[in-house]
Amino acid sequence: MTTSKKKKKPVSDSGQENGPLLKPILLICLASLLYILAFPRTGLWILAWVQAVPFWYAISRAGARKSFLLGWLYGALISIGVSYWVFYALNVHSNAGFIVSLLFLLVVNGAFIGIFWAFYGAAANRVLRLCPSPFIRAVGLAGLWVVMEYGRANLLGGMPWCLLGHSQSGALRLIQVADITGVYGLAFLIIFTSYTLYSAYTCLPDKRKCFKRMLPAIAAVVAVVVYGSFRLWQYGPNPQEAAAISPATVAVIQGSTAQDEKWEKKNADDIMSRHLRMTEEALAKGARLVVWPETTIPFYLQDKMPEGLLNLLRTYDAELITGGFRYSGTKKNYTFYNTAFYLDGNGIRTYHDKLHLLPFGEFFPLGFIDVLKLRYAAPRQYTAGTTYTLFDTAAGTCGALICFEVIYPRLAREFINRGADFLVNISNDSWFGPTSAHYQHFAMAVFRCVESRRPLARAANTGISGFIDVSGRIVDQLPPFTEGISLYRLPVEKRTTFYCLYGDVFALLCFPLCIILWICPRILDPEKA
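Residues numbered from 1 in each chain as written. Predicted model: local features only at pLDDT ≥ 70, side-chain atom pairs only at ≥ 80, totals over all residues. Heavy atoms only, no water.

**Section: the sheet that holds strand S9 (residues 456-460)**
Pairing is mixed in the open sheet, where 6 strands are placed in the order S6-S7-S8-S9-S10-S11. Of all strands in the sheet, those bounded by a partner on one side alone are strand S6 (391-393) and strand S11 (474-478). On average, each strand axis in the sheet is inclined to that of its neighbour by 20 degrees, with strand direction left out of account. Where strand S10 (residues 465-468) lies against S11, 4 bridges are found, and the strand directions are antiparallel. Considered in S11, the bridge of Ile468 is made with Ile474. In this fold helix H15 (residues 409-417) packs onto strand S7 (396-402) and strand S8 (422-427), with an angle of close to 160 degrees to the strand it touches most, S7. Each of S8, S9, S10 and S11 is contacted by helix H16 (residues 437-452), which is oriented at about 25 degrees to S10, the strand it contacts most. (Pairing = 2+ DSSP bridges. Helix = DSSP H or I, 4+ residues; strand = E, 2+ residues; numbered from the N terminus. Axes fitted to C-alpha atoms, helices over the stretch in contact; angles between N-to-C directions. Contact = heavy atoms within 4.5 Å.)

See below:
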């Protein structure tokens, strides 16, 4: 009789299997795909609650170094997937060409941003290996995710595009907690719940143990939903009350000028006449403050003020917020700014310069390198503004967020803390073309309203323009690549929020939590208990 011995799988120095890479790579691809599909335009937001499960399964059977690399792949695929439109913008609207545009997407948007998930992968691997308590593992994985996203949003200029919580923009009862925790609280809840349910599943068929593991996640979700329901009731829409306390009606104009037409000098008069026609229509309907998109005016207002525009504003005793360029200095030594101008019938009352510039679009990190060679007749190197200028309009005091500044909560917070009654976001999203970026951008703006409990008026050149109320409800929106006017009587809201007062304190508290778990991973060991 012969006996056979089973071959043992090779084991790494960390005690984990060194099996073939195909299976974990496929799991990483699945996790990345689920993450991407959770965001607009697909908008399958429920997938955000399960997207990390294949990733955890993959790294739980890997060593620390392999987890780092798998995390890097995970993050790179996610970043490429949610910002694939970068390739379109560069390939169509620049002279960079196909190869440079593709390399930019893969290297800058993929490998560079993916490094944040790489560190998450290595740290999460330690938590999965060394934390014996399923509850502590869930807390640790959620805290690490928040730390990773906070780093992505703030380090090296920061790019908080499509953070995990942003996928829930349409789930109104869930997102109300953002007025305490910001968008990071939703990420914590999603990851905590996701791992808790995954851990419970591994206990089947022991239903009692399974339910015991699920209980913390159920309690957390119920608490957030109850809080959200209360906030929705507290800040519920009341058209009669809003009309009574709203100083004036606001109109946003969506002129829908194609990017390849926008910077042709021969089109300047047509662009102006179109916006003047739409503005007069809005004013005739009762608007007293009109908002035009970013860089609507293709010339310097400080040199040339359209008399037709001033006459229109004087006739209706109205005001206008519009995007344009501004310069300072002398010839051969100019400084250029991307600016929001506030005008009335007498001309420019004041202006606000963009504070957070877009790397490679409005400035170049190395100053002299312009590899993208974007095709438009505008300054190639801008200077960031240094002051938060409020506009004291007929509809109340407002702060202007220019283009992708709306994805940075600290900018909105600062305007609110300085006295803004509402927010305005002017943008030129024609760069995005027929991609999902329009929908992603608008979805992220929802969170600025919930965090601050202030309404937002958004005017985007090719959309999406519209209004969002203090609870994150979309009051009205204009579809991309359509001409249109949207009017809304903005309610005045003076109450402040915990988030406005204290900012990202929730995210910052996750840092010491992660440090404790790194040093003492066996805290609350059930065997010791």
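**Notes on the environment of Phe391**
Tracing the backbone through its elements, the reader meets Phe391 in strand S6. Along the sequence, Phe391 and Tyr351 sit 40 residues apart, while their C-alpha atoms lie 8.1 Å from each other. Look past the residues within four positions of Phe391 in its chain and what remains in contact with it is Ile321, Ala340, Tyr342, Thr350, Tyr351, His352, Gly396, Thr397, Cys398 and Ala400.

**As for the nonpolar core**
Core analysis: the largest hydrophobic core is formed by 123 residues, its most contacted members being Trp56, Tyr74, Tyr120, Leu141, Trp145, Trp161 and Ile191. It is helix H6 (residues 134-154) that contributes the most residues to this core, 12 residues altogether. Every residue in contact with Trp161, bar those within four places of it in the chain, is listed here: Val82, Trp85, Arg152, Ile407, Phe432, Ala437, Gln440, His441 and Met444. Leu276, Leu309, Leu312 and Leu313 belong to the second largest nonpolar core, which has 21 residues in total. (Core = buried A, V, L, I, M, F, W, Y, C linked by side-chain atoms within 4.5 Å. Buried < 20%, exposed > 50% of the residue type's maximum accessible area, 1.4 Å probe, protein only.)

**Considering the packing of helix H13 (residues 268-284) against helix H14 (residues 307-316)**
At a minimum axis separation of 11 Å, H13 and H14 run at an interaxial angle of 0 degrees. The angle between H13 and H14 places the two elements in the roughly parallel class. Note on element contacts: H14 touches H13 through Gly308, Leu309, Leu312 and Tyr316, opposite Leu276, Thr279, Glu280, Leu283 and Ala284. (Parallel < 35°, antiparallel > 145°, perpendicular 65-115°, else oblique.)

**A word on the sheet that holds strand S2 (residues 287-291)**
Spatially, S5-S4-S3-S2-S1-S12 is the arrangement adopted by the 6 strands of the open sheet, whose pairing is mixed. Here the strands that pair on one side only, and so sit at the sheet edges, are strand S5 (347-353) and strand S12 (484-489). Direction aside, the axes of adjacent strands within the sheet are offset by 35 degrees on average. Where strand S1 (residues 249-254) lies against S2, 4 bridges are found, and the strand directions are parallel. Within S2, the position partnered with Val250 by the bridge is Leu289. Against the sheet, H13 touches S1, S2 and S12, its axis set at about 155 degrees to S1.

**Notes on the packing of aromatic side chains**
Throughout the structure, instances matching the rule amount to 31 aromatic pairs. On the basis of an interplanar angle of 35 degrees and a centroid distance of 5.9 Å, the ring pair of Phe230 and Trp233 is categorised as tilted. Taken together, the residues Phe230 and Trp233, both in helix H10 (residues 207-234) and 3 residues apart, mark about one turn of the helix. A relative accessible area of 66% places Trp233 in the exposed class. Aromatic rings pair up to connect Tyr300, Phe325, Tyr327, Tyr334, Phe336 and Tyr382 into one cluster. The ring of Tyr57 has Arg61 lying over it, and the distance from NZ or CZ to the ring centre is 4.0 Å. The residue whose ring lies beneath Arg326 is Tyr337, and the NZ or CZ to ring-centre distance is 4.2 Å. (Phe/Tyr/Trp six-rings, centres within 6.5 Å; stacked < 30°, edge-to-face > 60°. Lys NZ or Arg CZ within 6 Å of the ring centre and 35° of its normal.)

Distances and angles like these do not, on their own, reveal function.
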